[in-house]
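Next come the chains, spelled out residue by residue.
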Amino acid sequence: MIDGTIQDYTLTLDKFLDHAAKWHPGKEVVTAHPDGSTSRIGYAALRERAKRVTSVLQGFGVVQGARVATLSWNTQAHMECWYAVMGMGAVCHTLNPRLTGEQLAWMLGQSGAEILIVSSDLQPLAARIVEQAPGITRVLVIDMYGDDVLDTESLPAVQALEELLADARDDVTWGGFPETTPCGLCFTSGTTGLPKGVSYTHRGNYLHTLRQLQADVSG
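Conventions used here
- Residues numbered from 1 in each chain as written.
- Predicted model: local features only at pLDDT ≥ 70, side-chain atom pairs only at ≥ 80, totals over all residues.
- Heavy atoms only, no water.
- Core = buried A, V, L, I, M, F, W, Y, C linked by side-chain atoms within 4.5 Å.
- Buried < 20%, exposed > 50% of the residue type's maximum accessible area, 1.4 Å probe, protein only.
- Helix = DSSP H or I, 4+ residues; strand = E, 2+ residues; numbered from the N terminus.
- Contact = heavy atoms within 4.5 Å.
- Pairing = 2+ DSSP bridges.
- Axes fitted to C-alpha atoms, helices over the stretch in contact; angles between N-to-C directions.
- Polar contact = N/O pair within 3.5 Å; in protein donor to acceptor, adjacent residues only side chain to side chain.
- Lys, Arg positive; Asp, Glu negative; His and termini not counted.
- Salt bridge = Lys/Arg side-chain N within 4 Å of Asp/Glu carboxyl O.
- Phe/Tyr/Trp six-rings, centres within 6.5 Å; stacked < 30°, edge-to-face > 60°.
- Lys NZ or Arg CZ within 6 Å of the ring centre and 35° of its normal.

Got a minute to help me understand the nonpolar core in this structure?
Most often, soluble globular proteins have nonpolar side chains that are buried together. Counting 26 residues, the largest nonpolar core has Leu71, Leu116 and Val139 as its most contacted members. Of all the elements in the fold, those that place two or more residues in this core are strand E3 (67–71), helix H4 (101–111), strand E5 (115–119), helix H5 (123–132), strand E6 (138–142) and strand E8 (182–187). Examining the composition of this core, we find that five residues originate from one element, H5, more than from any other. Leave out the neighbours within four places in its chain, and Leu116 touches Ala69, Thr70, Leu71, Leu95, Ala126, Val130, Ile136, Arg138, Val139 and Leu140. Among the nonpolar cores identified, the runner-up in size contains 24 residues, and Val62, Cys92, Leu165 and Ala168 belong to it.

I keep staring at the sheet that holds strand E9 (residues 197–201) and nothing clicks. Help me out?
Strand pairing in a sheet takes place through backbone hydrogen bonds and is either antiparallel or parallel in direction. Read from one edge of the open sheet, seven strands run E7-E6-E5-E3-E4-E8-E9, paired in mixed fashion. Strand pairing shows two members of the sheet lacking a second neighbour, strand E7 (158–160) and E9, which therefore form its edges. On average, each strand axis in the sheet is tilted by 25° relative to the strand beside it, whichever way the strands run. As paired elements, E6 and E7 share three bridges and run parallel to each other. Looking at E7, one finds that Leu140 is bridged to Gln159. This element, H5, spans E3, E5 and E6 of the sheet and lies at about 155° to E5.

What exactly am I supposed to notice about the side chain of Ser120 here?
Within the element layout of this structure, Ser120 appears in the loop between E5 and H5. Here Ser120 falls in the buried class, since its relative accessible area comes to 5%. At a separation of 2.9 Å, a polar atom in the side chain of Ser120 contacts the side chain of Asp148. The residues contacting Ser120, other than those within four sequence positions of it, are Val141, Ile142, Asp143, Met144 and Asp148.

Just checking my understanding: could you explain the side chain of Asp143 for this structure?
Within the secondary structure layout, Asp143 lies in the loop between E6 and E7. For the buried Asp143, which has no salt bridge, the nearest side chain bearing the opposite charge is Arg49, at an N-O separation of 7.7 Å. Of note is the side chain of Asp143, whose polar atom sits 2.8 Å from the side chain of Thr75. Only 3.2 Å separates the side chain of Asp143 from the side chain of Tyr145, close enough to count as a polar contact.

Would you mind going over the packing of aromatic side chains with me for this structure?
By convention here, two paired aromatic rings are described through the distance between centres and the angle between planes. In this structure the tally under the stated criterion is three aromatic pairs. With centroids separated by 4.9 Å and ring planes inclined at 80°, the aromatic side chains of Trp82 and Tyr83 adopt a geometry described as edge-to-face. For Tyr83, a relative accessible area of 10% corresponds to the buried category. Positioned over the ring face of Phe60 is Arg138, at 3.9 Å from the centre of the ring.

What is the right way to read the pattern of salt bridges from this model?
Between side chains of opposite charge, pairing is possible as soon as their charged atoms come close. Here the structure, examined in full by the defined rule, presents nine salt bridges. Residue Asp170 is joined to Arg52 by a salt bridge in which the shortest nitrogen-to-oxygen separation is 3.5 Å. With Asp170 in the loop between helix H6 (161–165) and E8 and Arg52 in helix H2 (residues 43–59), the pair connects residues that are 118 residues apart, well separated along the chain. Residue Asp170 is classed as partly exposed on the basis of its relative accessible area of 32%. Taking the shortest distance from any N to any O, the salt bridge between Glu179 and Arg203 comes out at 2.7 Å. Within this pair, whereas Glu179 is found in the loop between H6 and E8, its partner Arg203 is found in helix H7 (residues 202–212), the two being separated by 24 residues in sequence. In this structure Arg203 comes out as partly exposed when scored by relative accessible area, which is 35%. Three or more residues are tied together by salt bridges with common partners; here these are Glu48, Arg52 and Asp170.

The structure is reproduced here in structure tokens:
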């Protein structure tokens, strides 16, 4: 409440990164690479890069409510994509790399995602997926290291996301949508039948995060 007026504060996940960038700009996100090296980035710089990812996705026609799939490990680049998708009101459909191409293709058919963001070392699995998931029209590759190359023969409209960020804007607007907007989509592994998808809202994830931070839980 400000000056006696109740303010409308929506519980959307972009506010977490906004907070981190403002109050802990230099706090580092550390990523380990296959060769044993590590890279580090502060929250302020990560937020700027995530907004550039949003700009790239908007340029490919991603709008609020659209699904964007990711097939990636727990890295800085994946975190940037996660916030980029959710910050613009789209839905991040995370795929489990330990499932088969056939299973993952079926999930993509259900979600209707057209863009797949994939870690470079998972391009072979991505190729098996898109062979059975014609809805995927574009593949963006992240976490390219050393001699990694793009699989231009098997993957549709494949591009390295890092190369697209150089000319992308970082002044895009996040938020501005209801907190009940879906933000994430996950499927079960299908051990008892066809996989079942579950969507998560900004509000649900926001409140869950606050609960996890309590002293009698993870905090």
